[in-house]
Amino acid sequence: MTTNAGASILEVEGLGKRFGGFVALDGIDLAVAPGERLGLIGPNGSGKSTLVNCLCGTLVNDRGSVRFDGTDLRGMMAHERTRLGMARSFQLPRPFFSMTIADNIRVPLLYAMGTRRESHRAEAQIAERCHEMLGLVGLHDKARQFPRDLTQVDMRKLELARAMAAEPKLLIADEAMAGLSGSEVTDIVDLLITLNERGVTVILIEHIMSAVMRFSQRLVVLVSGRKIADGAPDAVIRDPEVERAYLGQ
Amino acid sequence: MKRGMTSWMFALIACAAGALLFFAARSAGNDYVFFAGYTILQYIVLATAWNILGGYTGYVNFGSAAFFAVGAYTTVFFHKIFPLPIPLLVIAAAVASGLVGLGMGYLTLRLRGAFFAIATLALAVVLQTLIVNWSFVGGSRGAYVIRPATVYPFDSYIQYLFLIMLVLVIVALTTARAIERSRLGYGFATIRDDELAAEASGVPTLKLKLIATALSGAFMGMAGAPFPYYIGFLHPSGAFGLEYTVNAIAMPMIGGTATWIGPLVGAVLLGTLQQVAIVTISSAVNLLLVGLLLVGFVILAPNGLVGVVRNLLRKRPGAQP
Amino acid sequence: MSVDLFVSALIAGILLGGFYAAVTVGISISFGILDIVNIAHPAFIILGSYTAYILNAQFGLDPIVVGIIALPAFYALGALIYQVYYVSFEKRGKESMTGLAFFFGLLFVTEVLLILVFGVDYRYVQASYIDTNLGKFLGSTALPALLADLPMRMLVPCVMSIAMFAILLLIVKRTFVGRAIMAVSQDALALQLQGASPVRIKRIAFAISIATAALAGAFLIIIQPVEPSVGREYIGRVFAICVLGGMGSLPGTLVGAMLLGIIESLTATFYGPSWAPAVSFGLLLLTLAFKPSGLMGR
C-alpha cells in the first residue's frame, strides 16, 4: 500500500458508514497525492458511490475522518466542501433543467468561487470563464439550449464542465462514461486527462476497464466496503484476489 | 446580472402606474372601488410572496393564512397597547412574520419538500389555536379595531389603506423581480431544479431556503398588517381564513410560477373574478371555482397562463426556439 | 388530580387511538410506502362519513354496514385518482410542487362541495348502540365498572378499526398483492421482472388507502357528529401518526396512533378541548424537527 503522508491532497482514515444493519463502508484508508490520476473500481454495491457521497458531504460518515488539503471536513456541508475545492460529477447527470447550458455552468462560478462581492466585481471574468469551459467540452454552439435537448454524451460533458467550472483542486468523476460508445468514452477520457494536465487531481470511478487502465496512474479496488488493492494498475489487475472478487465476474 | 431595466427604473415605472391607478380610482367617485381594489392588491402581495418560496425554490407553503394572520394580529396587539401609524405596523408585522417563517424553516427545511409543506399546514393550526386562547388580542371573541374617520390628505380612510397596499404591491413586485435577476434568483432556481446538484455546485441551500421562507413570510405579514383597520373586527376564523391559503397557492399557480408576472396576472384575474362572484353568487361557490381552477390548471397547464402564452409565442412562425 | 379522571381519560385515549390507527393506515400506505403526499386523505374520510350519514338517514342502515358496502365504490375512486395523478405528475417526473397542489385542490374542492350540498350543520347517525355503554348494551351487571362504563359509540369503532387494521396486516403479509405493495417502494425493477406491473400495484395500493379512509369515515360519524371542516383536523393527526410511527411501518402506525390518542385525550380532559387540534400538529412539528425517522423508523 502506498501512502503520501504530508503531501496528500486527500487523506481518508478509517471511513465507515452503515445503513441500518448493512455495512456499506468498513474502514477505508486512502491517500491521494496532488495532481494524481486515481482509478477506483469495484463491483456494484461495493460502496463506491457511498464513498463518494461521504467524501463530498452528501452523506455523513459514521466513523473515520476525511482531510482535504489539510482541513478536517467533519461537520462540513456539501457546498462548503465544494468551495474548498472538491468537486464531483454525478453518476446520473443532474443538470438544472430550467436553465440554459451556459447558465448551468455559471452557477458554480457564482457560488463556489468566493464571496458575493467578489463575484459581483468579476462579472466579466465569469462570462469569460463560462465561455472557456463551454469551449473545453465542445458545447459552445449549444450554449443557449436547454439540457433536455442534449444527447447523452453532451449531458455527461455538461456534468463534468459544471464540476470543473469553479477550478477545483480535486475532481471526483463518478461513472461519467456509463452507457457511452467507444469513441465517446475516448472523448471523455481525453477531457479528463486534459483537466489533469492543468493541475487538477482526478479520481475516476468507472466500470469500463479500457478507460480505467488508460487513465489511471494508480488503481484502488473496493469490494464489499473494503479496500482490497491499492497500487500500480498493471500490478493490481494481476492480483489474484482482485481477479477473483471483481474481474472474474 | 441580466440585461434589461434595472430595479430602480422598474420601481419608478411601477410608482407611476400606481399613481395613475390611484387617481383613476378616485375619479370613479365611489369608495366601493377602493374596497374591492384593496382586496385585489392584497392578493397580489400574497401571491407574489407565496411565489418567492413556492415558485422560485419549489417549497410549497400550505399555511399562508398563518403568516397573514400573524401580520394582522401584530396590528391588533399594538392597537391594544398604543396605536401606531400603519407604516410602522407594516414593518412590525414584517419582522414578526419573517421571524415565524425563519423559525419554522429552521425546524423543517432540512427535510424533504413534502415535509415542509405538511409542516406549514401544522403551523397554521397551531398558531390559530394559540391565538384563540390568547385573550389579550381578543381570543375567539375577536377584537374591534376602530379606524379613524379620515386621515389627511385623503377623502376617506379606505383611500389611505388602498394607497398603503399599493405601495406594498410595488415593493413586492420590485423585490420579486430583483430576486429573479440576481445571484440569489439563480440559487433559488437550482434548489427548485435539483437540490443535491445545487449543494454540489457550491450553493448554500439551507441558507437560501431560510432567506426565501423569511422573505415570503414577511411579505405575507405585511399584507395582513392593515387588514384589521380594513375590516374593523378581527376574529381568528376570519384572519386564518381558508381563502387566503387557497388563493395564495391558486393565484401564482394559475398565473404562472416562473416569474413575477405570473402571481400578478393570477391575482388580478382571479381576484376580480371572485369580487364579481361574491356579489352575484355565494362565497362558497366562489371558493369552489378557485379550487376547481387550481386542480384544472395543475393538471392541464402546470406552467400557468404565462406558460401558455410563452408556448404560443414560441410556436409563431419566425420565432426563436 | 383525580385518579378516576386520569384513568377514564386514558381509556378514552386508547379507544381513540385504535380508531386513529384505522384513519391513518391509508396514509401509511400512500405516503409511507408509495411516497405520494396525499394531503387529500381526510377528504375521503369525510366523504365516507357523509355516505354513512345519507344511507343511514334514508334507509336506516347501520353506518358500519354502509361503510363496508361502500368499499368497492371508494376503491374505484381511489384507482381513478391515482391514474390521474400518475399520468399528470408521476410520469412527467415533476411531482413535488404540482402534485402537492393537486391533492390540496382535491381536499379543498371536496370540503367546499360538501358545504354547498349539506351546509355547515353537524350531521350524525342513528344506531341502537350509540347512546349506551357496554354494561347496558350487554344487559349484564357482572362487569367491573371500568368496563361497563365504556361508551359503545367509542368502543364499537375502536374494535372495528382494529379488525380492519388486522385484516390489512394479513393482506400485506400473506397475499402476493400485499407483498408486492411493500416491495414496489424498494425495488420496482425486481417487481417488473416477476411479471407484476409497478404502476398497477401502486394503483391497487392507493385505491386500498382511499377505501380504508372511507371506512374509517363511517366509524368517525359514530364517534362524533361530522361537518365539512372536520377533515382539516385530521390532516395533522394522520401525518403526525404516520411520521411518529416511522413512515410506512404498519405496526408503527398502531403505536403512534395509540400515543396520539392518549396524549390528545389527556390534554382535552385537563386543559380543555380547545387545545386538542394543536396537540397533533404540535407533535408533528416536534417529530419532524427532532426525529423525522419516527419511533420505529425504517
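All figures in this text were calculated on a predicted structure; none of them were measured in a lab.

**Student:** Just to check I follow, could you spell out the overall build of chain A for this structure?
**Tutor:** The secondary structure content of chain A amounts to ten helices and ten strands. Principal-axis analysis of the C-alpha atoms places the extent of chain A at approximately 50 × 40 × 35 Å. The burial tally for chain A puts 46% of its 249 residues in the buried class. For chain A, contacts bridging at least 24 residues in sequence account for 65% of all contacts bridging at least 6.

**Student:** Can you walk me through the interface of chain B and chain C in this structure?
**Tutor:** The figure often quoted for interface size is the accessible area lost as the parts come together. Tallying the contact residues gives 34 residues for chain B and 33 residues for chain C. Taken together, the elements giving at least two residues each to the side of chain B that touches chain C come down to helix H4 (86–108), helix H5 (113–132), helix H12 (242–255) and helix H14 (283–300) of chain B. By residue number, the principal contributor to the side of chain B that touches chain C is H5 of chain B, which donates twelve residues. Broken down by class, the residue content of the side of chain B that touches chain C amounts to 27 nonpolar, seven polar and no charged.

**Student:** So what exactly am I meant to see when it comes to the interface of chain B and chain A here?
**Tutor:** Each side of the interface is counted separately: chain B has 16 residues, and chain A has 23 residues. Where the side of chain B that touches chain A is concerned, the elements lending two or more residues are helix H7 (183–193) and helix H8 (195–200) of chain B.

**Student:** Explain the sheet that holds strand E9 (residues 218–223) of chain A to me, please; I cannot follow it from the model alone.
**Tutor:** All names here are of chain A. Pairing is mixed in the open sheet, where six strands are placed in the order E6-E7-E8-E3-E9-E10. The open sheet has two edge strands, strand E6 (86–89) and strand E10 (226–231), and neither has a second partner. Each strand axis lies, on average, 15° off the axis of its neighbour in the sheet, ignoring direction. Most of the contacts of helix H1 (residues 48–56) go to strand E7 (residues 170–174), to which it runs at about 150°, and overall it touches strand E3 (37–41), E6, E7, strand E8 (201–205) and E9. Across the sheet, helix H6 (residues 152–164) touches E6 and E7, and the angle it forms with E6 is around 170°.

**Student:** How should the nonpolar core be read in this particular structure?
**Tutor:** Formed by 285 residues in total, the largest nonpolar core has its most connected members in Val45, Leu46, Ala69 and Leu294 of chain B. In terms of residue count, helix H10 (residues 198–223) of chain C provides more of this core than any other element does, 16 residues in total. Once you skip the residues sitting within four places of it in the chain, Val45 of chain B turns out to touch Leu168, Val169, Ala172, Phe219, Met222 and Ala223 of chain B.

**Student:** What is the right way to read the packing of H12 of chain B against H14 of chain B from this model?
**Tutor:** Helix packing for two helices is described by the angle between their axes and how far apart those axes are. All names here are of chain B. In the contact formed by H12 and H14, the axes pass within 10 Å of each other and the chain directions differ by 35°. Two packed elements cross with a definite hand, and for H12 against H14 that hand is left-handed. Two secondary-structure elements touch here, H12 through Glu243, Val246, Asn247, Ile249, Ala250, Met253 and Ile254 and H14 through Leu287, Val290, Gly291, Leu293, Leu294, Phe297 and Val298. When the residues that make up the contact of H12 with H14 are grouped by side-chain class, the tally is eleven nonpolar, two polar and one charged.

**Student:** What is the right way to read H5 of chain B from this model?
**Tutor:** Turn by turn, an α-helix covers 3.6 residues, leaving residues three or four places apart pointing in a common direction. An ideal rise of 1.5 Å per residue puts 28 Å on 20 residues; H5 of chain B measures up with 29 Å between its terminal C-alpha atoms. Within H5 of chain B, 18 of the 20 residues are buried, leaving the element largely enclosed by the surrounding structure.

**Student:** For this particular structure, what's the right way to read the packing of helix H3 (residues 63–90) of chain C against H10 of chain C?
**Tutor:** Residue and element names in this part refer to chain C. It is at 7 Å that the axes of H3 and H10 come closest, and there the two elements cross at 145°. Crossing of H3 against H10: the hand is right-handed. Among the residues making up the contact of H3 with H10, the classes are represented as 21 nonpolar, four polar and two charged.

**Student:** When you look at the arrangement of the chains in this model, what are you seeing that I'm missing?
**Tutor:** Sorting the two pairs of chains in contact by contact count puts chains B and C at the top. In this structure chain A stays clear of chain C, and the shortest span between their C-alpha atoms is 8 Å.

**Student:** So what exactly am I meant to see when it comes to the pairing of E7 of chain A here?
**Tutor:** The two faces of a sheet get side chains in turn, since along a regular strand they alternate between them. All names here are of chain A. Most of E7 is tucked away: five of the five residues are buried. Burial along E7 is two-sided: the residues Leu170, Ile172 and Asp174 and Leu171 and Ala173 are all buried. Across four bridges, the pairing between E6 and E7 is parallel. Within E7, the residue paired with Arg88 across the bridge is Ile172.

**Student:** Can you help me understand the sheet that holds strand E1 (residues 10–19) of chain A in this one?
**Tutor:** To summarise the sheet geometry, strands pair through backbone hydrogen bonds and adopt either a parallel or an antiparallel arrangement. All names here are of chain A. Taking strand neighbours across the sheet as the criterion, the four strands line up as E2-E1-E4-E5 in an open arrangement whose pairing is antiparallel. If you trace the sheet from one side to the other, it starts and ends with strand E2 (22–32) and strand E5 (71–72), each paired once. Alignment of strand E4 (residues 63–68) against E5, held across two bridges, turns out to be antiparallel. By the bridge assignment for E5, Arg67 is matched with Asp72. Along the sheet face, H1 touches E1, E2 and E4 and points at about 65° away from the line of E2.

**Student:** Before we go on, may I ask you to explain the confidence of the model for chain C in this structure?
**Tutor:** Caution applies to low-pLDDT regions: their predicted coordinates should not be interpreted in detail. All names here are of chain C. Per-chain confidence: chain C averages 86 in pLDDT, with 95% of residues scoring 70 or above. Per-element mean pLDDT across chain C ranges from 70 in helix H9 (residues 188–193) up to 94 in helix H2 (residues 41–59). Across the assembled chains, the prediction reports ipTM 0.88 with pTM 0.88.

The rules behind these values
- Residues numbered from 1 in each chain as written.
- Chains lettered and ligands numbered in written order.
- Predicted model: local features only at pLDDT ≥ 70, side-chain atom pairs only at ≥ 80, totals over all residues.
- Helix = DSSP H or I, 4+ residues; strand = E, 2+ residues; numbered from the N terminus.
- Buried ≥ 20, exposed ≤ 12 C-beta atoms within 10 Å, placed from the backbone.
- Contact = placed C-beta atoms within 7 Å.
- Nonpolar A, V, L, I, M, F, W, Y, C, P; charged D, E, K, R; others polar.
- Pairing = 2+ DSSP bridges.
- Axes fitted to C-alpha atoms, helices over the stretch in contact; angles between N-to-C directions.
- Core = buried A, V, L, I, M, F, W, Y, C linked by C-beta atoms within 7 Å.
- Left-handed = near helix turned anticlockwise from the far one by under 90°.
- Expected span 1.5 Å × (residues − 1).
- pLDDT = per-residue confidence, 0-100.

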